[in-house]
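# Observations on chain architecture
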Amino acid sequence: MGEVVEVKSNAGTPAAVAAPPFQLHSPSMSRSPLIGGGGHKSPLTGRILTPLASPMKKAIANMHGFLEEVGHLTKLDPQDAWLPITESRDGNSYYSAFHSLSSGIGVQALVLPLAFTTLGWIWGMLCLSLAFGWQLYTLWLLIQLHESETGTRYSRYLRLSMAAFGEKLGKLLALFPTMYLSGGTCVTLVIIGGGTMKMFFQIVCEVDPLTTIEWYVVFTCSAVVIAQLPNLNSIAGVSLVGAISAITYCTVIWVASVTKDRPNGVSYEPAELKPASDVARLCAVLNALGIIAFAFRGHNLVLEIQGTMPSSAKHPARKPMWRGVKFAYFVIALCLFPLAVGGYWAYGNLIKDGMFEALYKFHGQDTSRIILGSTSLLIVINCLSSFQIYAMPVFDNLEFRFISSRIKPCPWWLRSGLRAFFGCLVFFIAVALPFLPSLAGLIGGVALPVTFAYPCFMWIQIKQPKRYSSVWYLNWGLGCLGMVLSVLLVTGAVWSIVTMGIEIHFFKPQ
């Protein structure tokens with residue numbers, strides 16, 4: 001479903017609204033006298049037959065050409081100005097880079113060496129490189145699909161899916177994965193952020209006055225307070241702080257791990273599986289691929305980020321968006337690859353949880369408390385900032401329900417209440433399912449189509465490239481491969497959990 005608004009022409013026939021640049025993002029643009037029906041002649045051009053009509057007709061024709069050239073026939077829903085994602089359209093390439101960095105790099109990168117323990121050096125590097133290139137290509141596809149040829153802007157992943165696959169199928173395919181990515185990521189951030197807060201206090205003060213659940217409360221309250229910022233553009237500064245903190249702690253962790261002596265017993269042979277069988281080996285490989293897929297996140301937010309930018313025919317939003325994304329993912333590559341390679345070199349098969357846990361376990365005694373404390377604090381800051389951008393689609397959806405039924409903006413007190421309610425819900429799930437971060441492979445498999453498959457199918461459905469052309473084959477191949485991998489990854493992750501077990505403790509955070 002595109003963001004389309006229509007007005008009635010004099011003849012009673014609906015006509016798409018075309019707006020000049022200064023009216024593109026105004027909910028009241030349909031009241032402008034400069035706007036004309038898309039396919040209807042002006043009453044002035046059709047009815048004025050006096051000699052004065054010629055200059056008037058010429059002026060109107062020139063104005064119409066100017067609007068088509070500069071103004072772009074962008075179609076917007078007036079209600080978008082009431083929703084937190086599209087409330088402000090003052091974004092730019094810098095904001096794009098900040099949000100992309102904050103959403104694209106985080107604590108999920110710290111578990112990448114776990115994939116290498118199964119895949120080894122060559123296959124680990126090969127799979128990581130191919131996944132990085134693949135997801136960058138699908139990211140480019142989404143950016144190009146944000147604006148259709150008719151001027152409709154798809155500022156939410158779900159709406160683009162509905163436009164490509166139809167309303168029912170689009171919702172079926174995209175609603176659960178995107179909401180799962182947003183809500184599930186926020187739950188994981190509460191678990192990791194609260195647990196790291198506890199670790200920070202233990203490192204700095206060497207005492208632990210609060211329980212793990214109480215630290216979850218502290219983190220959730222902090223996140224909800226920051227979440228009172230009204231819209232996506234208003235958290236650009238928060239995303240910048242989160243991006244800087246993520247880059248810093250990723251660099252500190254892999255540099256500290258590489259520069260210190262490797263622990264005794266480091267091995268680069270694939271870990272022995274119990275039970276040892278070909279099926280177990282295959283599922284372990286699939287689980288490793290799921291961890292790599294889980295490291296690349298943020299595709300469910302790229303359209304939302306691009307939706308905060310102004311757009312016209314001469315200055316489409318895709319250009320600054322792509323500039324920001326290219327810079328962001330260059331920096332992300334500089335963080336992910338050294339982290340994966342350096343972490344595996346430093347710890348080999350001894351790594352069981354993540355890079356920070358391994359650094360604390362093997363080098364906690366010979367590493368400065370300032371480094372350990374600062375690193376844990378940076379992780380907490382990054383979790384708080386990532387929470388904001390991943391929660392924004394949920395906030396947007398909650399407010400959309402209210403606006404659709406009441407046809408008026410959401411009052412400030414209700415907006416604050418909805419965000420506090422979401423924080424409480426996320427906290428409850430984090431306490432009930434504290435083992436959720438251990439399911440990285442399963443989460444990666446479920447979310448894989450959003451990143452690797454759906455954008456390829458959307459491109460085919462909307463752009464309709466020439467059948468049997470190279471682009472047609474490329475997108476069909478990548479899309480089908482992504483769907484097959486998703487099924488295999490989920491199957492392998494479930495099989496690994498059933499056979500090898502996982503430490504499950506409901507309502508008992510540790």
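These remarks concern the structure in this document. (Residues numbered from 1 in each chain as written. Predicted model: local features only at pLDDT ≥ 70, side-chain atom pairs only at ≥ 80, totals over all residues. Heavy atoms only, no water.)

## Quick word on the nonpolar core
- The biggest cluster of nonpolar side chains holds 119 residues, and the ones touching the most others in it are Ile292, Phe387 and Met458.
- Filtering out sequence-adjacent residues up to four positions away, Ile292 remains in contact with Leu112, Ala115, Leu119, Cys127, Leu128 and Ala131.
- Of all hydrophobic cores here, the second largest spans six residues; its members include Phe402, Ile403, Cys410 and Leu418. (Core = buried A, V, L, I, M, F, W, Y, C linked by side-chain atoms within 4.5 Å. Buried < 20%, exposed > 50% of the residue type's maximum accessible area, 1.4 Å probe, protein only. Contact = heavy atoms within 4.5 Å.)

## Concerning helix α14 (residues 412-432)
- Spanning 21 residues, α14 covers 30 Å between terminal C-alpha atoms, matching the ideal 30 Å at 1.5 Å per step.
- For α14, every residue scored as buried is listed here: Leu414, Arg415, Leu418, Arg419, Phe422, Gly423, Val426, Ala430, Val431 and Ala432.
- Here the buried face of α14 lies against α6 (167-205), α7 (212-226) and α13 (369-406). (Helix = DSSP H or I, 4+ residues; strand = E, 2+ residues; numbered from the N terminus. Expected span 1.5 Å × (residues − 1).)

## Notes on the packing of helix α5 (residues 157-165) against α6
- With their axes 7 Å apart at the nearest point, α5 and α6 run at an angle of 150 degrees to one another. Comparing their axes, α6 and α5 come out roughly antiparallel. Seen along the crossing, α5 lies across α6 with a hand that is right-handed. Contact with α5, carried on its side by Tyr157, Leu158, Ser161, Met162 and Phe165, involves Glu167, Leu169, Gly170, Lys171, Leu173, Ala174, Leu175 and Thr178 of α6 and no other residues of that element.
- Residue composition of the contact of α5 with α6, grouped by class: eight nonpolar, three polar and two charged. (Axes fitted to C-alpha atoms, helices over the stretch in contact; angles between N-to-C directions. Parallel < 35°, antiparallel > 145°, perpendicular 65-115°, else oblique. Left-handed = near helix turned anticlockwise from the far one by under 90°. Nonpolar A, V, L, I, M, F, W, Y, C, P; charged D, E, K, R; others polar.)

## Some points on unusual backbone geometry
- The backbone of Ile407 sits at a positive phi, close to 55 degrees, despite the residue not being glycine.
- Assignment of secondary structure puts Ile407 in the loop between α13 and α14.
- With a phi close to 70 degrees, Tyr468 is a non-glycine residue in the positive phi region.
- Tracing the backbone shows Tyr468 in the loop between α15 (440-463) and α16 (470-500).
- Residue classification places Tyr468 among the exposed residues on the basis of a relative accessible area of 53%.

## With respect to a nonpolar patch on the surface
- A cluster of nonpolar side chains, namely Trp121, Ile122, Trp123, Leu126, Leu130 and Trp345, defines an oily patch on the protein surface of about 670 Å² accessible area.
- Tallying contributions element by element places helix α4 (residues 112-145) first for the nonpolar patch, with five residues.
- Mapped onto the elements of the fold, Trp121 is located in helix α4.
- Overall, Trp121 belongs to the partly exposed group, its relative accessible area being 31%. (Patch = residues over 30% accessible without salt bridge, like charges linked within 9 Å, V, L, I, M, F, W, Y side chains within 5 Å. Areas by Shrake-Rupley, 256 points an atom, 1.4 Å probe, with all protein chains shown as cover. Salt bridge = Lys/Arg side-chain N within 4 Å of Asp/Glu carboxyl O.)

## Section: the packing of α6 against α13
- For the pair α6 and α13, interaxial distance at closest approach is 8 Å and the crossing angle is 155 degrees. Taken together, α6 and α13 sit at an angle that is classed as roughly antiparallel. Here the hand of the crossing between α6 and α13 comes out left-handed.
- A per-class count over the contact of α6 with α13 returns 20 nonpolar, nine polar and one charged.

## Considerations on the pattern of salt bridges
- This model, assessed by the stated rule, comprises eight salt bridges.
- Of the charged contacts, one joins Lys171 and Glu167 as a salt bridge, the two residues approaching to 4.0 Å between their closest N and O atoms. Of this pair, Lys171 and Glu167 both sit in helix α6, separated by four residues, roughly a single helical turn.
- For Arg415, the salt bridge is made with Glu399, and the minimal N-O distance between the two is 2.8 Å. Taken together, the residues span a long stretch of sequence, with Arg415 in helix α14 and Glu399 in helix α13 at a distance of 16 residues. Side by side, Arg415 and Glu399 carry an identical accessibility label, which is buried.
- Put simply, Asp80, Arg89, Arg156, Arg159 and Asp396 are held in one network by salt bridges that share partners.

## Considerations on the packing of aromatic side chains
- Evaluated as defined, the whole model comprises 22 aromatic pairs.
- Taken together, a centroid distance of 4.8 Å and an interplanar angle of 65 degrees make the contact between Trp121 and Tyr344 edge-to-face. A residue pair is termed long-range when its members are at least 10 positions apart, and Trp121 in helix α4 and Tyr344 in helix α11 (residues 318-347) qualify at 223 residues.
- Between Tyr468 and Trp472 the ring centres are 5.0 Å apart and the planes differ by 70 degrees, which places this aromatic pair in the edge-to-face class.
- According to the relative accessible area criterion, Trp472 is buried, its value standing at 14%.
- Every member of this aromatic cluster is reached through a ring pair, and the members are Phe457, Tyr468, Trp472, Tyr473 and Trp476.
- Here the basic side chain of Arg262 rests over the ring of Trp345, its NZ or CZ set 4.4 Å away from the ring centre.
- Lying across the ring of Tyr468, Arg467 places its NZ or CZ 5.9 Å from the centre. (Phe/Tyr/Trp six-rings, centres within 6.5 Å; stacked < 30°, edge-to-face > 60°. Lys NZ or Arg CZ within 6 Å of the ring centre and 35° of its normal.)

## Things to note about the state of the cysteines
- Applying the stated criterion across every chain yields a total of zero disulfides.
- Cys250 takes part in no disulfide bond, and the closest cysteine sulfur to it belongs to Cys335, at a distance of 5.1 Å.
- You can see Cys480 has no disulfide; the closest cysteine sulfur is in Cys456, sitting 9.4 Å from it.
- Residue classification places Cys480 among the partly exposed residues on the basis of a relative accessible area of 37%. (Disulfide = S-S within 2.5 Å.)

## Comments concerning the side chain of Gln144
- With respect to the element layout, Gln144 can be found in helix α4.
- Apart from the residues lying within four places of it in its own chain, the contact partners of Gln144 are Arg318, Trp459 and Lys463.

## A short note on a positive patch on the surface
- On the surface, Arg318, Lys319, Arg323, Lys326 and Lys463 cluster together to form a positively charged patch.
- Tracing the backbone through its elements, the reader meets Arg323 in helix α11. (Lys, Arg positive; Asp, Glu negative; His and termini not counted. Charge placed at Lys NZ, Arg CZ, Asp CG, Glu CD.)

## Notes on the side chain of Asn382
- Considering the arrangement of structural elements, one finds Asn382 in helix α13.
- Contact partners of Asn382, with chain neighbours within four places excluded, come to Ile105, Gly106, Val107, Gly242, Ser245, Ala246 and Tyr249.

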